[in-house]
Amino acid sequence: MSKPAVLVSRALFPEVLERLRRHFEVEDNPEDEVLDAPALRQRLQAKQGLLAAGGERISAELLAACPALRVVANMAVGYNNIDVPACTARGVLVSNTPDVLTETTADFGFALMMAAARRMSEAERYLREGRWTKWRYDLLTGSDVHGATLGILGMGRIGQAIARRGAAGFGMRVLYHNRSRLPPDTEAALGAQYVDKAALLAQADHLVLVLPYSAASHHAIGAAELALMKPTATLTNVARGGIVDDGALAAALRAGRIAAAGLDVFEGEPAVHAELLALPNVVLTPHIASASLRTRRAMADLAADNLIAALTGGVPPTPVNPEVLAAARA
Ligand code: GLV
């Protein structure tokens, strides 16, 4: 029997490609070319599976143009790049990579928050530019993280991992807001208190965003929300571009309506709002929150596990729309 054909949309660990080749005819992308919609459509012709890097838009139109496609294994925990209902309607299984990146992403979120609070990037630029000529009592003074109030918007796995760091490691008071409230025993174990969104914005010294992107969370933080925050507060986004109105954030940072921000994700990335690039009080990183070598390898392995299981009659470990599997078995 011939092997199923799959596309690996972007460059990937050679060991993972090798593993995929044991099961599939693999078309890979060693040049790591970013595939636009026509290129993706063309390369997906007659492919049963796609290992996507998370940035590709999987739309109803693409699915209609690629009728052989059975599985989209996204190498990311977020899957807002994929029209999941359209996939489900066509019997296309979607999988993501939860759990394996939780702690690594929480580490980075915490680091970004600390870097914003303590003006780490600004301080390094100051030093590298040769401006450090003497000690001064208020040189690059920032705000404390320990003992401060940590606000978490979105309290899934990554939010909870950030809460644990804040409460256990830094003695922070942890407030959160989420679509659904956690069970009381989970709240107690985390030392986290549920508040409404307005209270979260008003009380947080350091607000961290870890909610999924959807139409409902588009511009969840805009001018009105920023106006509720403390002028001394920091805002950190390790979730998705588009959750924050980047123009409104730049205006707030410029006007001192909040003190600083740490951003790993942007509206329209890899482009970054020109005003953010020009501001000193924002730490900017290129969407690398999950990027420890070990975790990226675990994400690639999990995406491959899903692809292999789904196309060889196994049980995919982390499906997003498992109803597709149930329907196929019925
Ligand atoms: C990265 O942004 C992810 O969703 O895993």
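Check the entry above for the structure.
These remarks concern the structure in this document.

Basis of the calculations
- Residues numbered from 1 in each chain as written.
- Predicted model: local features only at pLDDT ≥ 70, side-chain atom pairs only at ≥ 80, totals over all residues.
- Heavy atoms only, no water.
- Helix = DSSP H or I, 4+ residues; strand = E, 2+ residues; numbered from the N terminus.
- Rg over C-alpha atoms; globule rule 2.2 N^0.38 Å.
- Contact = heavy atoms within 4.5 Å.
- Areas by Shrake-Rupley, 256 points an atom, 1.4 Å probe, with all protein chains shown as cover.
- Lys, Arg positive; Asp, Glu negative; His and termini not counted.
- Charge placed at Lys NZ, Arg CZ, Asp CG, Glu CD.
- Pairing = 2+ DSSP bridges.
- Axes fitted to C-alpha atoms, helices over the stretch in contact; angles between N-to-C directions.
- Patch = residues over 30% accessible without salt bridge, like charges linked within 9 Å, V, L, I, M, F, W, Y side chains within 5 Å.
- Salt bridge = Lys/Arg side-chain N within 4 Å of Asp/Glu carboxyl O.
- Buried < 20%, exposed > 50% of the residue type's maximum accessible area, 1.4 Å probe, protein only.
- Right-handed = clockwise from strand over helix to strand, strands pointing away.
- Disulfide = S-S within 2.5 Å.
- Near = heavy atom within 4 Å.
- Polar contact = N/O pair within 3.5 Å; in protein donor to acceptor, adjacent residues only side chain to side chain.
- Nonpolar A, V, L, I, M, F, W, Y, C, P; charged D, E, K, R; others polar.

## Examining the overall build of the protein
(1) Moving on: When helices and strands are tallied, the protein shows 14 helices and 12 strands.
(2) Moving on: A compact globule built from 330 residues would reach a C-alpha radius of gyration of about 20 Å, and the protein, at 22 Å, matches this within 12%.
(3) Moving on: Oriented by its inertia axes, the alpha-carbon framework of the protein measures out at about 75 × 50 × 35 Å.
(4) Moving on: Residue pairs in contact within the protein that sit at least 24 positions apart in sequence constitute 61% of those at least 6 positions apart.
(5) Moving on: Of the roughly 15600 Å² that the protein leaves accessible, carbon and sulfur atoms contribute 56%.
(6) Moving on: Averaged over its 33 positive side-chain charges, the protein has a centre that lies 2 Å from the centre of its 34 negative ones.

## A closer look at the sheet that holds strand β4 (residues 71–74)
(1) Moving on: Read across the open sheet, the 5 strands follow the order β2-β1-β3-β4-β5; overall the sheet is parallel. Each of the sheet's edge strands pairs with one partner strand only, and the pair in question is β2 (25–27) and β5 (93–95). Between one strand axis and the next, the sheet turns by 15° as a mean value, whatever way the strands run.
(2) Moving on: Here strand β1 (residues 5–8) runs beside strand β3 (residues 49–52); their pairing, made up of 3 bridges, is parallel. Of the residues in β3, the one forming a bridge with Leu7 is Leu50.
(3) Moving on: Where helix α1 (residues 14–23) meets the sheet, its contacts fall on β1, β2 and β3, and the angle it forms with β2 comes to roughly 140°.
(4) Moving on: Along the sheet, helix α13 (residues 293–311) contacts β1, β3, β4 and β5; its crossing angle with β4, the most-contacted strand, is approximately 165°.

## Concerning a nonpolar patch on the surface
(1) Moving on: Taken together, the side chains of Leu127, Trp132 and Leu139 present a nonpolar region at the surface, about 310 Å² in accessible area.
(2) Moving on: On the secondary structure map, Trp132 appears in the loop between α6 (120–128) and β6 (149–153).

## Here we look at the pairing of β3
(1) Moving on: Alternating residues of β3 divide into Gly49 and Leu51 and Leu50 and Ala52, and every residue in both groups is buried.
(2) Moving on: Sheet topology note: the β3/β4 ladder contains 4 bridges and is parallel. Looking across to β4, one finds that Gly49 is bridged to Val71.
(3) Moving on: You can see the chain leave β3, run along helix α3 (residues 60–65) and come back into β4, and the turn it takes is right-handed.

## Some details on the state of the cysteines
(1) Moving on: Applying the stated criterion across every chain, the model contains 0 disulfides.
(2) Moving on: Among the cysteines around Cys66, which has no disulfide bond, Cys87 carries the closest sulfur, lying 11 Å off.
(3) Moving on: Given a relative accessible area of 3%, Cys66 falls into the buried group.

## Digging into the site of the ligand
(1) Moving on: Ala76, Val77, Gly78, Leu101, Arg240 and His287 make up every residue found near the ligand.
(2) Moving on: Val77 is positioned such that a nitrogen or oxygen atom in its backbone is 2.7 Å from an oxygen atom of the ligand.
(3) Moving on: Between the ligand and the protein, one listed contact pairs an oxygen atom with a side-chain N or O atom of Arg240 at 2.7 Å.
(4) Moving on: In the complex, the protein chains occlude 84% of the 200 Å² of accessible area that the ligand would expose alone.
(5) Moving on: Its residues placed into classes, the shell around the ligand shows 3 nonpolar, 2 polar and 1 charged.

## Focus on unusual backbone geometry
With the exception of glycine, the majority of residues adopt a negative phi angle, and the majority of peptide bonds are in the trans configuration.
(1) Moving on: Put simply, Glu269 and Pro270 share a cis peptide bond, and its omega is 15°.
(2) Moving on: Mapped onto the secondary structure, Pro270 falls in the loop between β11 (260–263) and α12 (274–278).
(3) Moving on: Positive phi, normally seen in glycine, also occurs at Ala46, with a value near 65°.
(4) Moving on: As for its placement among the helices and strands, Ala46 is situated in the loop between α2 (37–43) and β3.
(5) Moving on: A relative accessible area of 57% places Ala46 in the exposed class.
(6) Moving on: Backbone geometry at Leu140 places phi at a positive 50°, although glycine is not the residue there.
(7) Moving on: Inspection of the secondary structure puts Leu140 in the loop between α6 and β6.

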